[in-house]
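One letter stands for each residue in the lines below.
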Amino acid sequence: MFVSFFPQPKLFFSSAAAWSLVLVLLWFFGGEQAGALIGLPPADPSAPPTIGITVFWSKPFLWFYIYFWLGVFFFYAFWRLYCPHPWQDWSILVAALILFLIYFNVQVSVAVNNWYGPFWDYIQGVMSKTQTSTVEEFYDRASSFAWLALLGMNVAVINAFIVSHWIFRWRNAMNDYYMSHWPKLRHIEGASQRVQEDTMRFSQIMEGLGSSFVDSIMTLIAFLPVLIALQQHITELPIVGAIGQPLVVAALFWCALGTVSLILAGIKLPGLQFRNQRVEAAYRKELVYGEDHADRAQPATVRELFDNVRHNYFRLYFHYVYFNIVRYTYLQANGIFSLLILGPSIVAGRISLGLMNQVSMAFSQVTSSFQFLVNSWSTIVELLSVHKRLRAFEAAITGEELPEIDQRYLAREDAGVPPQEQPAS
């Protein structure tokens, strides 16, 4: 799955993580100020944040763009010289572009959050008659948000287009790799399905899941400092009372509760999804044999195979009932959790309408990042089942011992046992 698209995957991903950490540390320990050497100094900490779309071509942002792509260039150059790979333009350069666009869109969300405070304070002042305004000023303030929304929407569309192509290239690489080893693989149960359907499902799942994971990490990095800065106005939490870092503690507690609950509720699902693919494959394969051989796909055999399919689906339906009860109960409660923790501060009049909206949005972004497992658990379950099938498939290429279920299949095939008499699981 990975060696087909990435050069030496284990070393590649560990080196990517290490290089990213080096770049982050360099940025915080002098790199951010280094932009002043070429006339792109960092923003003045005492100055208010720039409101609106102009922040994206401000000097600090321009220096970050240069810094990011210099880091990508050195990483790409190293792997280009150390271990050339036919797909490394896509697996490194295009992957870096995707990461950059995701980061850019997260910064659009940060800019929108910065717009929230002044705008809603302005609305509160106008509606309470404590300040005067004109229609032109109102539309000018509103247009700042419109430009940010338009920019974020278009960047998201462009990134989705690039991600789709990047993922298909990965599937292309997997397909070429597996077909180059087809003589070793053709005897594995469901070999054709694993090459065609499982690689397709793997790429489709990775398209959504991978983007969501990276977006969650970058959102957390971008919004956690915002939340820490805003929580100076929040001194206590309901029930708990006054504690240090109240919003961060509340976010961590709430997300940990949701993640643990979902993992416990969905612990049986990966195995059932994996078995589901096997019983479906056994049923489909017998029908395919029946197209060419009159003695195959007989009613009794097909009925037994379909009974296996039905039995497994019914088990899945049962386990998904309580899993979805836990999941949707948590997600519904998540919508009002930020209001609950802001209750004491709102009642005490310590925060304005604008600040309340800023805190709610920042808190929502941070908790959403922590809730990656909660929001994606069903997809992760499916990915794990596909990964199991492809990993067993690849064992034949590397000469590793096959999983027990595949060993039983091959032993029966070598003994001449017809497929309809072989167990589906």
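Residues numbered from 1 in each chain as written. Predicted model: local features only at pLDDT ≥ 70, side-chain atom pairs only at ≥ 80, totals over all residues. Heavy atoms only, no water.

Peer 1: Can you break down the overall build of the chain residue by residue, with the values?
Peer 2: Within the chain, the regular secondary structure consists of 12 helices and zero strands. Ordered by position in the sequence, the α and β elements of the chain form the string α-α-α-α-α-α-α-α-α-α-α-α. Seen through its C-alpha atoms, the chain measures out along the principal axes to roughly 85 × 55 × 40 Å. Sequence separation of 24 or more characterises 78% of the internal contacts of the chain that already satisfy a separation of 6 or more. Separation of charge centres in the chain, based on 27 positive and 30 negative side chains, amounts to 4 Å. (Helix = DSSP H or I, 4+ residues; strand = E, 2+ residues; numbered from the N terminus. Contact = heavy atoms within 4.5 Å. Lys, Arg positive; Asp, Glu negative; His and termini not counted. Charge placed at Lys NZ, Arg CZ, Asp CG, Glu CD.)

Peer 1: How would you explain helix H1 (residues 9-34) if you had to name every residue and give the values?
Peer 2: Counted at 1.5 Å a residue, the expected span for H1 with its 26 residues is 38 Å, but the 33 Å between its end C-alpha atoms falls short. Looking only at H1, the buried set comprises Pro 9, Phe 12, Ser 15, Leu 23, Trp 27 and Gly 31. At its buried positions, H1 is contacted by helix H2 (59-82) and helix H3 (88-127). (Expected span 1.5 Å × (residues − 1). Buried < 20%, exposed > 50% of the residue type's maximum accessible area, 1.4 Å probe, protein only.)

Peer 1: Can you tell me about a nonpolar patch on the surface, naming the residues and giving the values?
Peer 2: Nonpolar side chains collect at one region of the surface, where Leu 37, Ile 38, Ile 66, Leu 70, Phe 73 and Phe 74 lie side by side and expose about 650 Å² of accessible area between them. By secondary structure assignment, the location of Leu 37 is in the loop between H1 and H2. (Patch = residues over 30% accessible without salt bridge, like charges linked within 9 Å, V, L, I, M, F, W, Y side chains within 5 Å. Areas by Shrake-Rupley, 256 points an atom, 1.4 Å probe, with all protein chains shown as cover. Salt bridge = Lys/Arg side-chain N within 4 Å of Asp/Glu carboxyl O.)

Peer 1: I'd love a proper account of the packing of aromatic side chains, names of residues and values included.
Peer 2: This model, assessed by the stated rule, comprises 48 aromatic pairs. Between Tyr 313 and Tyr 317, the aromatic rings sit 6.0 Å apart at their centres with planes inclined by 45°, giving tilted as the arrangement. Taken together, the positions of Tyr 313 and Tyr 317, both in helix H9 (residues 299-347) and four residues apart, correspond to about one turn of that helix. For Arg 141, the ring lying beneath its charged end belongs to Tyr 122, and the centroid distance is 4.2 Å. (Phe/Tyr/Trp six-rings, centres within 6.5 Å; stacked < 30°, edge-to-face > 60°. Lys NZ or Arg CZ within 6 Å of the ring centre and 35° of its normal.)

Peer 1: Any details on the nonpolar core? Residues and values, ideally.
Peer 2: Grouped together as the largest cluster of nonpolar side chains are 93 residues, with contacts concentrated most on Phe 56, Trp 166, Trp 170, Tyr 178, Phe 202, Ile 341 and Phe 363. Looking at this core, the element that brings in the most residues is H3, giving 14 residues. Aside from chain neighbours lying at most four places away, what touches Tyr 178 is Met 1, Leu 185, Val 195, Thr 199, Leu 390, Phe 393, Glu 394 and Ile 397. Counting five residues, the second largest nonpolar core, distinct from the first, contains Val 279, Tyr 283, Val 302 and Leu 305. (Core = buried A, V, L, I, M, F, W, Y, C linked by side-chain atoms within 4.5 Å.)

Peer 1: Summarise the UniProt feature "transmembrane region" (unreviewed entry) in the chain; cite the residues concerned and give the values.
Peer 2: According to UniProt, the feature "transmembrane region" (unreviewed entry) maps to residues 60-79, 91-112, 145-168, 209-230, 242-267 and 336-355 in the numbering used here. Across residues 60-79 one finds 100% helix and 0% strand; the C-alpha atoms that close the span lie 29 Å apart. The span residues 91-112 carries 100% helix and 0% strand; its end-to-end C-alpha distance comes to 32 Å. (UniProt positions renumbered as here; feature names shortened; annotations may be inferred.)

Peer 1: Describe the pattern of salt bridges, and please don't skip the residues or the numbers.
Peer 2: Scanning the entire structure with this criterion turns up three salt bridges. Here Glu 137 and Arg 141 are joined by a salt bridge, their closest N and O atoms 3.4 Å apart. Linking Glu 137 with Arg 141, this pair stays in helix H4 (residues 135-180), spanning four residues, or about one helical turn. Residue classification places Arg 141 among the partly exposed positions, given a relative accessible area of 27%. A salt bridge links Asp 307 to Arg 310; the shortest N-O distance between them is 2.7 Å. On the criterion of helical spacing, the pair formed by Asp 307 and Arg 310 is a turn pair, its members being three residues apart in helix H9.

Peer 1: Would you mind going over the side chain of Ser 15 in detail, with residue names and values included?
Peer 2: For Ser 15, the position within the fold is in helix H1. With near-sequence residues (within four places) excluded, Ser 15 lies in contact with Phe 75 and Trp 79.

Peer 1: Any chance you could break down the confidence of the model for the chain for me, citing the residues and the numbers?
Peer 2: Residue-level pLDDT values for the chain average 81, and 92% of them are 70 or greater. Between the elements of the chain, mean pLDDT differs from a low of 51, seen in helix H12 (residues 404-414), to a high of 94, seen in H2. Predicted confidence for residues 412-425 stays below pLDDT 50, and this span has 22 contacts to residues more than four positions away or in other chains. (pLDDT = per-residue confidence, 0-100.)

Peer 1: I'd like a description of H3, backed by residues and values.
Peer 2: The terminal C-alpha atoms of H3, which comprises 40 residues, lie 57 Å apart, in line with the 58 Å expected from a rise of 1.5 Å per residue. Two residues or fewer after H3 comes Lys 129, characterised by a positive phi angle close to 65°.

Peer 1: Explain the environment of Ile 346 to me, using residue names and the numbers behind them.
Peer 2: In this structure, Ile 346 sits in helix H9. We classify Ile 346 as partly exposed; its relative accessible area is 36%. The spacing of Ile 346 and Ile 234 is 112 residues in sequence and 9.4 Å in space, taken between C-alpha atoms.

Peer 1: So what's going on with the side chain of His 85? Which residues, and what values?
Peer 2: Here His 85 shows up in the loop between H2 and H3. Looking at His 85, the relative accessible area reads 14%, which means it is buried. Only 3.3 Å separates the side chain of His 85 from the backbone oxygen of Val 3, close enough to count as a polar contact. (Polar contact = N/O pair within 3.5 Å; in protein donor to acceptor, adjacent residues only side chain to side chain.)

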